[in-house]
Amino acid sequence: MALIVQKFGGTSVANPERIRNVAKRVAKKYDQGDKMVVILSAMAGVTDSLLRLAGEMAETPDRREVDVLLATGEQTTAALLAITLKSMNYPAVSLLGFQAEVVTDCNYSNARIIDIGAHRIRELLDQQNIVVIAGFQGCDAQGNITTLGRGGSDTSAVAIAAALKADMCEIYTDVDGVYTADPNVCRKARKLDKISCEEMLEMASLGAKVLHIRSVEFALKHNVLVYVRSSFSEEEGTMLVNGNHDMERPVVSGITYSKNEARITLKGVPDQPGIAAKIFNAAADANINVDMIIQNTLAGGKTDLTFTVPKTEFKRALEVERKVVEEIGADNVLGDEGIAKVSVTGIGMKSHSGVASKMFSALAVENINIMMISTSEIRISCIIEEKKAELAVRTLHTAFGLDKE
Ligand code: ADP
Ligand code: ASP
Ligand code: MG
């Protein structure tokens with residue numbers, strides 16, 4: 001008898017028929033004698049339409065109330081699955097985030113899990129129930145409802161699996177595993193039967209939304225066995241593994257892209273000590289994540305400073321930096337939302353050179369202009385024009401020999 005956590009994403013619970021299929025899958029495992037905890041996302045598209053609704057009521061909707069609103073998406077699916085299981089004569093109980101004691105900080109819309117009590121879950125499991133939990137949500141120490149950031153129900157699942165010391169956390173989604181690139185963009189992408197947490201962390205942080213980045217952090221930290229697979233087939237999926245098990249590895253193992261990028265340029269910035277600190281402290285104080293940074297030195301003691309932020313933070317970042325421009329006496333600030341980040345990743349890069357030049361050459365052949373570059377030990381990222389993102393992914397996938405036969 002094992003304790004299994006299963007998480008079903010938005011497309012897997014998109015309509016009543018699919019929820020019935022989920023119920024059948026869960027029931028089958030339960031019949032085999034396993035203890036079952038099921039984490040659900042909202043139906044596909046629901047979180048987006050709730051956000052749109054909030055946007056119709058106010059230009060910048062109150063963040064606390066937005067989380068109260070968004071949490072209803074997952075509340076709906078959790079209830080619907082429990083109703084379905086009960087109608088099939090299975091003992092099921094649905095729980096919301098706060099009932100499952102998912103305690104977070106109070107950073108609305110991007111809260112981090114601090115602790116999971118899980119007493120009630122354990123109790124319900126001991127009474128032979130199938131426990132169905134609304135993903136993506138928690139509550140802070142004051143009892144306010146919070147959400148974990150877009151795609152966050154993966155994190156709910158892995159964190160709950162960690163708290164329960166589950167034998168396995170299965171992530172059911174609309175693709176049958178983790179691929180060398182997004183299979184919906186690159187038809188030649190290959191499914192990986194396993195991937196190291198380190199590489200998955202890198203791919204998730206660079207835009208591969210198949211797993212929410214913080215779910216991978218939890219898996220790594222708490223040694224949770226995570227298995228990504230399709231809710232529409234019985235195909236074998238991808239296992240997340242701790243450490244690097246393959247002796248022979250390709251230098252580059254994955255290509256990712258993200259369109260959630262925007263670029264901000266401060267023109268004519270005085271070239272003096274303390275100025276960069278002012279620019280980036282202002283962003284940090286506003287809780288805006290800055291990713292890549294470049295500085296061009298101009299004549300006359302002035303520089304241009306360009307950096308990227310998540311597209312979702314673009315307007316706020318522009319506002320913040322407009323004030324900084326006035327304060328430091330820079331010329332002006334410009335913004336560009338039409339950009340994307342394309343990256344190559346692989347643990348094998350640690351011990352190989354020539355990856356960057358190969359990447360730049362491949363992009364050049366397709367006439368794709370590189371605006372910014374950043375590197376780490378196991379990745380190289382380039383900022384390019386947004387409309388060329390998919391072409392860049394396919395080009396790099398071929399260039400690094402990842403295409404399937
Ligand atoms: P869910 O709603 O089940 O959480 P998501 O849409 O969040 O599903 O994540 C699954 C999607 O991730 C896939 O449909 C696919 O387009 C995308 N994806 C991006 N990169 C990859 C990759 N390397 N491997 C598999 N899927 C990927
Ligand atoms: N429903 C949330 C979202 O769309 C959480 C999730 O699906 O993981 O972002
Ligand atoms: Mg997801």
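Just so you know, these numbers come straight off a predicted model, no measurement behind them.

1. Description of helix α1 (residues 16-31)
What sets the pattern is the α-helix's 3.6 residues per turn: residues three or four places apart point alike. Relative to the 22 Å expected for 16 residues at 1.5 Å per residue, α1 spans 22 Å between its end C-alpha atoms, a close match to the ideal helical length. The inward-facing, buried residues of α1 abut β1 (3-8), β2 (35-40), α3 (63-87), β6 (130-134), β9 (168-173) and β11 (226-230). Of the residues one or two after α1, Gly33 is the one with positive phi, at around 100 degrees.

2. Some points on the environment of Glu199
Residue placement: Glu199 occurs in helix α6 (residues 197-205). Through-space distance from the C-alpha of Glu199 to that of Thr345 is 7.2 Å; in sequence the pair is 146 residues apart.

3. Considering the sheet that holds strand β18 (residues 379-385)
Overall, antiparallel pairing links the 6 strands, which are arranged β14-β15-β13-β16-β18-β17 in an open sheet. Only two strands of the sheet have a single neighbouring strand rather than two, namely β14 (293-297) and β17 (372-376). Taking each pair of neighbouring strands and ignoring which way they run, the sheet shows an average axis angle of 25 degrees. Looking at chain direction, strand β16 (residues 332-345) and β18 are connected through 7 bridges and run antiparallel. For Ala340, the partnering residue across the bridge sits in β18 and is Ile384.

4. Here's the deal with the site of ligand 1
Among the 17 residues in the neighbourhood of ligand 1, the closest are listed as Thr173, Asp174, Tyr179, Asp182 and Asn184. In the model, an oxygen atom of ligand 1 is placed 2.8 Å from a nitrogen or oxygen of the Asp174 side chain. Note that an oxygen atom of ligand 1 is positioned 3.3 Å from one of the side-chain N or O atoms of Lys209. The protein chains hide 88% of the 580 Å² of surface that ligand 1 would expose on its own. Among the residues making up the shell around ligand 1, the classes are represented as 8 nonpolar, 5 polar and 4 charged.

5. Observations concerning the environment of Ile4
Within the secondary structure layout, Ile4 lies in strand β1. The spacing of Ile4 and Ala118 is 114 residues in sequence and 15 Å in space, taken between C-alpha atoms. With residues near it in sequence (within four places) discarded, Ile4 still touches Asp34, Lys35, Met36, Val37, Met168 and Glu170.

6. What about the environment of Ala78?
Along the chain, the position of Ala78 falls in helix α3. Judged by its relative accessible area of 1%, Ala78 falls in the buried class. Between the alpha carbons of Ala78 and Thr395 there is a distance of 41 Å; along the sequence they are 317 residues apart. When near neighbours in sequence (up to four residues on either side) are disregarded, Ala78 contacts Leu40, Ser94, Val132, Ile133 and Ala134.

7. Description of the side chain of Asp176
By secondary structure assignment, the location of Asp176 is in the loop between β9 and β10 (194-196). Taking relative accessible area as the criterion, Asp176 reaches 16% and is therefore assigned buried. Among the polar contacts listed, one links the side chain of Asp176 to the side chain of Tyr179, at a separation of 2.5 Å. Residue contacts for Asp176: discarding those within four places in its chain leaves Lys191, Val228, Arg229, Ser230, Glu235, Glu236, Gly237 and Thr238.

8. Describing the sheet that holds β9
The strand order across the open sheet built from 8 strands is β3-β6-β2-β1-β9-β11-β12-β10, with neighbouring strands paired in mixed fashion. Each edge of the open sheet carries a strand with a single partner, namely β3 (92-95) and β10. Strand-to-strand, the axes of this sheet are offset by a mean angle of 20 degrees, without reference to chain direction. Pairing geometry for β9 and β11, over 5 bridges, is parallel. If you follow Tyr172 over to β11, its bridge partner there is Arg229. Most of the contacts of α3 go to β6, to which it runs at about 160 degrees, and overall it touches β2, β3 and β6. Packing against the sheet, α6 makes contact with β10 and β12 (238-241), and its axis sits at approximately 80 degrees to β10.

Cut-off values and rules
- Residues numbered from 1 in each chain as written.
- Chains lettered and ligands numbered in written order.
- Predicted model: local features only at pLDDT ≥ 70, side-chain atom pairs only at ≥ 80, totals over all residues.
- Heavy atoms only, no water.
- Helix = DSSP H or I, 4+ residues; strand = E, 2+ residues; numbered from the N terminus.
- Expected span 1.5 Å × (residues − 1).
- Contact = heavy atoms within 4.5 Å.
- Pairing = 2+ DSSP bridges.
- Axes fitted to C-alpha atoms, helices over the stretch in contact; angles between N-to-C directions.
- Near = heavy atom within 4 Å.
- Polar contact = N/O pair within 3.5 Å; in protein donor to acceptor, adjacent residues only side chain to side chain.
- Areas by Shrake-Rupley, 256 points an atom, 1.4 Å probe, with all protein chains shown as cover.
- Nonpolar A, V, L, I, M, F, W, Y, C, P; charged D, E, K, R; others polar.
- Buried < 20%, exposed > 50% of the residue type's maximum accessible area, 1.4 Å probe, protein only.

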